[in-house]
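Coordinate inspection notes
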Amino acid sequence: MRAGIYARVSSKRQAQDQTIRQQLTRLRTHLERQGWEFDEERVYPDDGYSGASLSRPGLDRLRDHAGLAELDVVVITEPSRLARKYIHQVLLIEELEGHGCKVVFVDRPMSEDPNDQLLLQIRGAVAEYERSLITERMRRGKLAKMRAGQLLPWTRGHYGYRVDPERPRDPAGVRLEGYEAAVVAQMFAWYLEDGATLYTVSRRLEHDGIKTPRGRPYWTGCGVRAILQDPTYTGTTYGNRLRSVPSKGRVSALLPVGPGQSHVLKPEEEWVAIPVPAIVSEEVFGLVREKLSRNQRTAMRNTRHEYLLRGLVSCGMCKLTAGARTMPRGYDYYVCRGRTDKLRISEGRRCTTRYVPAEQLDELVWEDLREVLMDREQVAAALDRAQGGAWLPRELQARRTNIGQAMAGIDRQKERLLEAYLGGVLQMPEFERKRRELDSRMETLRAQQEQVDALARQRVELGKVADSIEEFCRQVRSGLDTATFERKRALVELLIDHVVVTDEDV
């Protein structure tokens, strides 16, 4: 049998302590005892990867090789090394065995016996509980250390500072890095100059050959803003500032949300202050913060040309958004972000799509929208859908569906009740009693249905409109002909999800 080995440790300390090497030694010994065919290329280690996630390089290689039918058996010390969550354990075991690769646990051998399968479930649940318990203990322990001033909130280096390499999370070991600290102070000074913007500061940094905190030769406005808004440079860094929330925004309408998690600030009273060496004064930091807020409110993008499709245009080639831009000669365009994104340019992936004239695209999309809104057949179909409940909120639709299913169920019960009576199974008194119960339930459901219909009529008052489609279309046409930009923009935001432009195709 062609055998493989999978081993995992979840922390860097465990990896340094060579506990994964101990696992591999035991697993190799087990393979020798079994006499299975083994190749060192079929060792799949994951050093320092959490068992709560399925995104692990060693596990990915194992699954790929099993999918290619290159393995007959994979040996693991115990189920929690494969995954911490029971549902992940079941998923992986079924996937591997579906490819003809048997999973063997050395410390806790399992079989198809129902008792063993139950034991696997219990152990998986215990492992998942244990992981949650460890995570909570670590969180509370870190928070307690932060409050005692013994732990930095930084998980990686902070621009302008250096830490003690022997104790990288110890606040007592934080010191200023002279060159970077001078750059930070200069950025604050530059931004406070008359007429300075985030863009001009980033250009000056690039002109002077100063690299970003990640070592890149170019700066973005967002990168400059992140430094100017960081309170650490006033001499106080804060832990416990952020909490995870589900992502709501997208980089582009054509791209997924991403990992699905974002971060928002917690209330300030929950922050944990930790002193560090200061680079700028509180006064300078306050002036910069005030200017950032003022510049954001009065930015030229908020007062220039009125772009009808602002924020709705996407590039069909690279899937990124196309922002609105006014050129020096006064021409307005929608420009793919991939043409100007410095990261893409540095990687040689600059988008080559053409600039899209804003006025022409706005007129084209608006005319299409007019045709849709004045098309008698489309309006009639939309009104029919609305009256049928297709436009109702999900809660009302779900209630309407459930009530309909319940009423159909009572009708079936009445039919079965009548068949039982005609077949002599039930006597007349029992038949009447059960029929009255069903009638009472039906009346209750009809009352609920009338309530839902009343709510629907309140939300979709389209009866009069449906009686005169022609009149409705005439009023719409008149309104569209005289619509202001604000009214047009409101309709566009309401009815258009995104506009995809690929060269000349819209």
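What this report covers is the structure whose coordinates are included nearby. (Residues numbered from 1 in each chain as written. Predicted model: local features only at pLDDT ≥ 70, side-chain atom pairs only at ≥ 80, totals over all residues. Heavy atoms only, no water.)

What about the side chain of Ser-80?
As a reminder, the rule being used: Only DSSP runs of H or I reaching four residues or more are called helices, and only runs of E reaching two or more are called strands; each is numbered from the N terminus. Each residue is placed in one exposure class: buried if its accessible area under a 1.4 Å probe, protein chains only, is under 20% of its type's maximum, exposed if it is over 50%, and partly exposed if it falls in between. Side-chain atoms alone can form a polar contact between residues adjacent in sequence; in general such a contact is a pair of N or O atoms within 3.5 Å, and within protein one must be able to donate a hydrogen while the other accepts it.
Along the chain, Ser-80 turns up in helix 4 (residues 79-82). Accessibility expressed as a relative area gives 8% for Ser-80, which makes it buried. Side-chain polar atoms of Ser-80 contact the side chain of Glu-78, separated by 2.7 Å.

Comments concerning the packing of helix 3 (residues 57-67) against helix 5 (residues 86-98)
Worth spelling out the cut-off: Every axis in this analysis is a line fitted to C-alpha atoms, fitted for helices over the stretch in contact. Angles between the N-to-C directions lie between 0 and 180 degrees. For classification purposes, an angle smaller than 35 degrees is called roughly parallel, one larger than 145 roughly antiparallel, one from 65 to 115 roughly perpendicular, and anything else oblique. Less than a right angle of anticlockwise turn of the near helix away from the far helix marks a crossing as left-handed, whereas a clockwise turn marks it as right-handed. We call two residues in contact whenever any of their non-hydrogen atoms come within 4.5 Å of each other.
Where helix 3 meets helix 5, the axes come as close as 9 Å, and the angle between the chain directions of the two elements is 30°. Put simply, helix 3 runs roughly parallel to helix 5. Helix-helix and strand crossings are classified by hand; for helix 3 and helix 5 the assignment is left-handed. Packed against helix 3, whose contacting residues are Leu-59, Leu-62, Arg-63 and Ala-66, the element helix 5 presents Leu-91, Leu-92, Glu-95 and Leu-96 at the interface.

Structural notes on the sheet that holds strand 1 (residues 2-9)
Test applied: For two strands to be treated as a pair, DSSP must find at least two bridges joining them.
Overall, parallel pairing links the 4 strands, which are arranged 2-1-3-4 in an open sheet. Here the strands that pair on one side only, and so sit at the sheet edges, are strand 2 (37-47) and strand 4 (102-105). Strand-to-strand twist of the sheet, defined as the mean angle between neighbouring strand axes without regard to direction, takes the value 25°. With 4 bridges connecting them, strand 3 (residues 73-76) and strand 4 associate as parallel partners. Residue pairing for strand 4: Val-73 is matched across the bridge by Lys-102. Set on the sheet, helix 3 makes contact with strand 1, strand 2 and strand 3; between it and strand 2 the angle comes to about 145°. Strands strand 3 and strand 4 of the sheet are contacted by helix 5, whose axis makes an angle of about 130° with strand 4.

Considering the pattern of salt bridges
The condition is simple: The salt bridge definition used is simple: a Lys or Arg side-chain nitrogen within 4 Å of an Asp or Glu carboxyl oxygen.
According to the stated counting rule, one finds 18 salt bridges in the structure shown. A salt bridge links Arg-167 to Asp-164, with the shortest nitrogen-to-oxygen separation between them at 3.6 Å. We classify Arg-167 as partly exposed; its relative accessible area is 44%. Judged by relative accessible area, Asp-164 falls into the partly exposed class, the value being 22%. Of the charged contacts in the structure, one is a salt bridge between Glu-193 and Arg-204, with a shortest N-O distance of 2.9 Å. Taken together, the positions of Glu-193 in the loop between helix 7 (178-191) and helix 8 (198-207) and Arg-204 in helix 8 put the pair 11 residues apart, joining distant regions of the chain. Exposure remark for Glu-193: the relative accessible area of 36% places this residue in the partly exposed category. Residues joined in a network through salt bridges with shared partners are Glu-430, Arg-433, Lys-434 and Glu-437.

Quick look at the environment of Thr-237
Position of Thr-237 relative to the elements: it lies in strand 7 (residues 236-239). For Thr-237, a relative accessible area of 3% puts it in the buried group. Along the primary structure Thr-237 and Pro-171 are separated by 66 residues, whereas in three dimensions their C-alpha atoms are 9.9 Å apart. There is a polar contact of 3.2 Å between the side chain of Thr-237 and the side chain of Trp-154.

Topic: the packing of helix 7 against helix 8
The packing of two helices is summarised by the inter-axis angle and the distance between the axes. Note the threshold: Three residue categories are used. Nonpolar comprises Ala, Val, Leu, Ile, Met, Phe, Trp, Tyr, Cys and Pro, charged comprises Asp, Glu, Lys and Arg, and polar comprises the others, including Gly.
Contact pair helix 7 / helix 8: the axes reach a minimum separation of 10 Å and the direction vectors enclose 140°. The angle between helix 7 and helix 8 places the two elements in the oblique class. Read as a crossing pair, helix 7 and helix 8 show a hand that is right-handed. Here Val-183, Met-187, Trp-190 and Tyr-191 of helix 7 lie close against helix 8, whose contacting residues are Leu-198, Val-201, Arg-204 and Leu-205. Looking at the contact of helix 7 with helix 8 residue by residue, the classes come out as 7 nonpolar, no polar and 1 charged.

Let's talk about the sheet that holds strand 14 (residues 356-357)
Judged by pairing direction, the sheet is antiparallel, and its 3 strands sit side by side in the order 12-13-14 without closing on themselves. Both edges of this open sheet fall to strand 12 (322-326) and strand 14, since each of them pairs with a single strand only. Pairing of strand 13 (residues 332-336) with strand 14 involves 2 bridges; the strand directions are antiparallel. Its bridge partner lying in strand 14, Tyr-333 is registered against Pro-357.

Looking at the packing of aromatic side chains
The following threshold applies: Classification of ring pairs uses Phe, Tyr and Trp, with its six-membered ring standing for Trp, and accepts pairs whose centres are within 6.5 Å; under 30 degrees between planes counts as stacked, over 60 as edge-to-face, and the remaining range as tilted. The criterion is that NZ of a Lys, or CZ of an Arg, lies within 6 Å of the ring centre and within 35 degrees of the ring normal, and then a charge sits over that ring.
Under the definition given, this model contains 8 aromatic pairs. Their ring planes at 15° and their centres at 6.0 Å tell us that Tyr-161 and Tyr-233 sit as a pair that is stacked. In this pair, Tyr-161 sits in strand 5 (residues 161-162) while Tyr-233 sits in the loop between helix 9 (221-228) and strand 7, placing the two residues 72 residues apart along the sequence. Here Tyr-161 matches Tyr-233 in class, with each residue buried. By way of ring pairs, the aromatic residues Trp-154, Tyr-161 and Tyr-233 are connected into one cluster. Between the NZ or CZ atom of Arg-241 and the centre of the ring of Trp-271, over which it lies, the distance is 4.9 Å. A cation over an aromatic ring shows up here: Lys-291 above the ring of Tyr-191, its NZ or CZ 4.9 Å from the ring centre.

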